[in-house]
Structure formats: C-alpha cells, structure tokens
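Structural overview
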There are 2 protein chains.
Amino acid sequence: MNLKIATEIGKCLSNQTRLQIMEWLKEPEKHFPPHETVKHFNDGVCVTYIQEKSGLSQSTISTYLSNMEKCGLLISTRHGKWSYLKRNEPLIEAYSQYLQN
Amino acid sequence: MNLKIATEIGKCLSNQTRLQIMEWLKEPEKHFPPHETVKHFNDGVCVTYIQEKSGLSQSTISTYLSNMEKCGLLISTRHGKWSYLKRNEPLIEAYSQYLQN
DNA sequence: TTCACATATCTAGAATTATAGATATATTTG
DNA sequence: CAAATATATCTATAATTCTAGATATGTGAA
C-alpha cells in the first residue's frame with residue numbers, strides 16, 4: 001500500500017454516499033432485493049439497485065462505482081447486461097493495516 | 001463509529017500531505033529532529049516541524065491539523081507556546097474496524 | 001507590559017470534486 | 001438486425017476543498 005493509492009482510497013471514502021455503499025455491500029441480502037437471474041450475492045449487487053437505493057442519478061453512481069473499482073475498493077463482475085459490485089476485502093484489510101501503526 | 005464521523009475521517013485521509021503526516025507521526029524520531037524543551041515524542045511533534053517538513057504554509061498546515069484533531073485522528077497537547085500532535089491510535093483502530101467486514 | 005515567537009482564524013481566489021443530462025456503448029431478446 | 005434495457009462516458013455547472021496572505025490570539029521571556 002503506497003501513499004498515492006491510499007490517497008485515492010481516501011477520496012472514495014470521503015463521501016457519505018460512497019461510504020454507505022461500502023456499508024450496504026457488507027451485507028447485500030439485508031439491503032437489496034434478490035436479483036432476477038443470479039440467485040445469490042456472491043458477486044455483489046448490480047449497479048441499478050445501488051443507484052436506486054442511493055437516490056442519486058445513474059451517471060453519478062456509475063462514476064462513483066467506477067472510481068471505487070479503480071482504486072481497488074470494489075470488484076466488478078459482468079453477468080450479461082448487469083455489472084455486479086462487491087467489496088474487495090483483502091484491499092480493505094491492507095488499507096486498514098496501512099493506516100494503523 | 002458512525003457514517004458522519006467516518007466521512008470526516010475519510011476527508012482528512014483524502015489528501016497526500018495529510019496522509020504523510022499520519023505516516024510521519026507513526027515514527028516521529030525517524031522523521032523529525034528532537035525538540036528543544038520536551039526531550040521525547042510522547043506527545044508527538046510540534047506544528048512548526050510538521051509545517052516545515054510538509055513545505056506548505058503555516059496557515060494551511062494549521063488548518064489541516066485542526067481538522068485532523070476535530071475528527072479525532074490526532075490528539076493535541078500544549079507545552080508552553082507549542083502545540084504537539086500525536087496519532088490517536090484507538091480512533092484509527094476503530095475506523096479500521098468500521099471499514100472492515 | 002512589551003516583545004518575540006508559535007499557532008489559530010479570516011478572507012479570497014484557484015483547483016478539484018459533485019452531480020446530472022445527454023449521448024454512447026454493450027448485451028439480450030424478438 | 002431492431003428494440004429494449006443496463007451501464008459507461010462526455011460535458012457543463014454547482015459546490016466544496018485547497019491554499020496562502022493577512023491578521024488575531026496565546027504564551028514565555030526580557
């Protein structure tokens with residue numbers, strides 16, 4: 001974990017909506033309805049559900065999620081027309097370690 | 001650790017200089033000269049040293065440190081005319097826990 | 001109490017980020 | 001292939017943050 005990447009992660013974590021997304025994705029089944037095609041949350045939650053729950057526009061959420069993926073906080077998986085997002089726990093763990101003494 | 005405080009912490013950690021300050025304060029003796037009056041780093045490092053090492057203006061660093069203290073990342077202690085800053089490890093630990101699943 | 005120095009706050013302009021609408025690009029289905 | 005749906009990107013404006021200079025405040029020493 002270097003300074004530059006850590007700064008990008010910090011930027012993603014400096015906004016309430018993005019932090020909430022990180023929270024929601026801790027327990028997708030508690031915060032989102034089941035998907036139609038994929039019958040589990042193994043790859044996380046689709047963009048539309050996250051967008052609807054956030055109340056922000058599609059373009060804004062798409063940008064958020066894209067940045068969160070770029071810095072490694074989220075992992076994106078395509079299933080047909082849908083992109084599923086889940087937390088990247090090892091990266092989050094590494095960032096936590098970096099912050100701590 | 002709630003969403004609002006975590007967001008404020010994230011804002012403090014979203015800037016390279018501020019992240020570096022957090023790094024430097026992990027090992028003050030490696031990054032700063034000894035103080036004249038206080039002969040240890042138990043309470044951290046004075047504002048002037050941090051300002052000089054950062055290369056930014058006094059007012060900017062003062063603002064940074066003030067915000068970092070407000071959200072709990074740093075602890076400030078006065079010794080005469082000097083303010084000493086050290087990391088608030090328990091808060092950092094709590095934030096790390098909050099981020100993790 | 002005055003001076004010198006350390007730190008904090010105020011103010012303002014520059015830089016960056018937030019956000020949405022419009023549009024483009026997949027991808028599935030008929 | 002055309003239509004429908006999901007997501008991504010582009011563009012522009014609003015909002016926020018960055019940053020420093022000026023000024024104020026706190027504190028020890030003379």
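Refer to the structure printed above.
Residues numbered from 1 in each chain as written. Chains lettered and ligands numbered in written order. Predicted model: local features only at pLDDT ≥ 70, side-chain atom pairs only at ≥ 80, totals over all residues. Heavy atoms only, no water.

**So, the protein's contact with DNA strand D**
Let me state the cut-off plainly: If even one non-hydrogen atom of a residue comes within 4 Å of a molecule or strand, that residue is called near it. Pairs of N or O atoms are called polar contacts if they sit within 3.5 Å, as long as, within protein, a hydrogen donor faces a hydrogen acceptor (for residues adjacent in sequence, only side-chain-to-side-chain pairs). Runs of E in the DSSP output that reach at least two residues are strands. Runs of H or I that reach at least four are helices, and both are numbered from the N terminus. Lys, Arg, Asp and Glu make up the charged group, whereas Ala, Val, Leu, Ile, Met, Phe, Trp, Tyr, Cys and Pro make up the nonpolar group; the residues left over, Gly among them, are polar.
Inspection of the region around DNA strand D gives 20 residues, with Thr48 and Gln58 of chain A together with Ser57, Thr60 and Tyr64 of chain B positioned closest. Backbone sugar and phosphate groups make up 64% of those atoms of DNA strand D lying within 4 Å of the protein. Separating a phosphate oxygen of DNA strand D from a side-chain N or O atom of lysine 11 of chain B is a distance of 3.0 Å. Taking arginine 18 of chain B, its side chain carries an N or O atom lying 2.9 Å from a phosphate oxygen of DNA strand D. Those elements giving two or more residues to the surface near DNA strand D turn out to be α4 (47-54), α5 (58-70) and β3 (82-87) of chain A together with α5 (58-70) of chain B. When grouped by side-chain class, the residues that make up the surface near DNA strand D number 5 nonpolar, 10 polar and 5 charged.

**Some remarks on the sheet that holds strand β1 (residues 45-46) of chain B**
Two strands in a sheet stick together by hydrogen bonds in their backbones, pointing the same way (parallel) or opposite ways (antiparallel). All names here are of chain B. Heads up, the rule is: Note: two strands are recorded as paired if DSSP finds a minimum of 2 bridges between them.
One open sheet accounts for 3 strands, arranged β1-β3-β2; its pairing is antiparallel. What marks the edges here is a single partner per strand, and that holds for β1 and β2 (74-79). The sheet contact formed by β1 and strand β3 (residues 82-87) spans 2 bridges and is antiparallel. Within β3, the residue paired with cysteine 46 across the bridge is tyrosine 84.

**Considerations on the protein's contact with DNA strand C**
Close to DNA strand C lie 20 residues, the nearest being Ser59, Thr60 and Tyr64 of chain A together with Thr48 and Gln58 of chain B. The sugar-phosphate backbone supplies 63% of the atoms of DNA strand C found within 4 Å of the protein. In the model, a phosphate oxygen of DNA strand C is placed 2.8 Å from a nitrogen or oxygen of the serine 57 of chain A main chain. Between valine 47 of chain B and DNA strand C, the recorded distance is 3.4 Å, taken from a backbone N or O atom to a phosphate oxygen. A per-class count over the surface near DNA strand C returns 5 nonpolar, 10 polar and 5 charged.

**As for the interface of chain B and chain A**
How large an interface is tends to be reported as the accessible area lost when its parts come together. Defined as follows: Two residues form a contact once any of their heavy atoms are found within 4.5 Å. Buried area is a sum: the accessible area each of two parts loses on coming together, probed at 1.4 Å, counted once for each and added. Salt bridge, as used here: a side-chain nitrogen of Lys or Arg that lies within 4 Å of a carboxyl oxygen of Asp or Glu.
Contacts between chain B and chain A engage 24 residues on the former and 24 residues on the latter. Taking both partners together, chain B and chain A bury about 2,300 Å²; carbon and sulfur atoms supply 54% of that area. Its largest share of buried area at the contact with chain A, chain B owes to Leu3, Leu99 and Asn101 of chain B, together 24% of the area lost on that side. Summed over the shared surface of chain B and chain A, the number is 0 salt bridges. Applying the counting rule to chain B against chain A returns 10 residue pairs in polar contact (both at pLDDT 80 or more). Elements that contribute at least two residues to the side of chain B that touches chain A include exactly α1 (3-12), α2 (16-24) and α6 (89-99) of chain B.

**So, the pattern of salt bridges**
Residues and elements named next belong to chain B. Selection rule: When a residue's accessible area, from a 1.4 Å probe over protein chains only, is under 20% of the maximum for its type it is buried; when over 50% it is exposed; and in between it is partly exposed.
Per the stated rule, a full pass over the model turns up 6 salt bridges over all chains. Where glutamate 27 meets lysine 30, a salt bridge forms, and the shortest distance between an N and an O atom there is 3.4 Å. Glutamate 27 sits in the partly exposed class, given a relative accessible area of 32%.

**Observations regarding α4 of chain A**
Owing to its 3.6 residues per turn, the α-helix brings residues three or four apart onto one side. Residue and element names in this part refer to chain A. Every buried residue belonging to α4 is among Tyr49, Ile50, Gln51 and Ser54, and all of these are buried. On the buried face of α4, the contacting elements are α2 (16-24), β1 (45-46), α5 and β3. Just downstream of α4 lies glycine 55, where phi reads positive at about 80 degrees.

**Some thoughts on the pairing of strand β2 (residues 74-79) of chain A**
Residue and element names in this part refer to chain A. Relative to β3, β2 runs antiparallel, the two being bridged by 6 bridges. When the sheet's bridge partners are listed, leucine 74 is paired in β3 with arginine 87. The hairpin formed by β2 and β3 contains 2 residues between the paired strands, and glycine 80 there has a positive phi angle of roughly 65 degrees.

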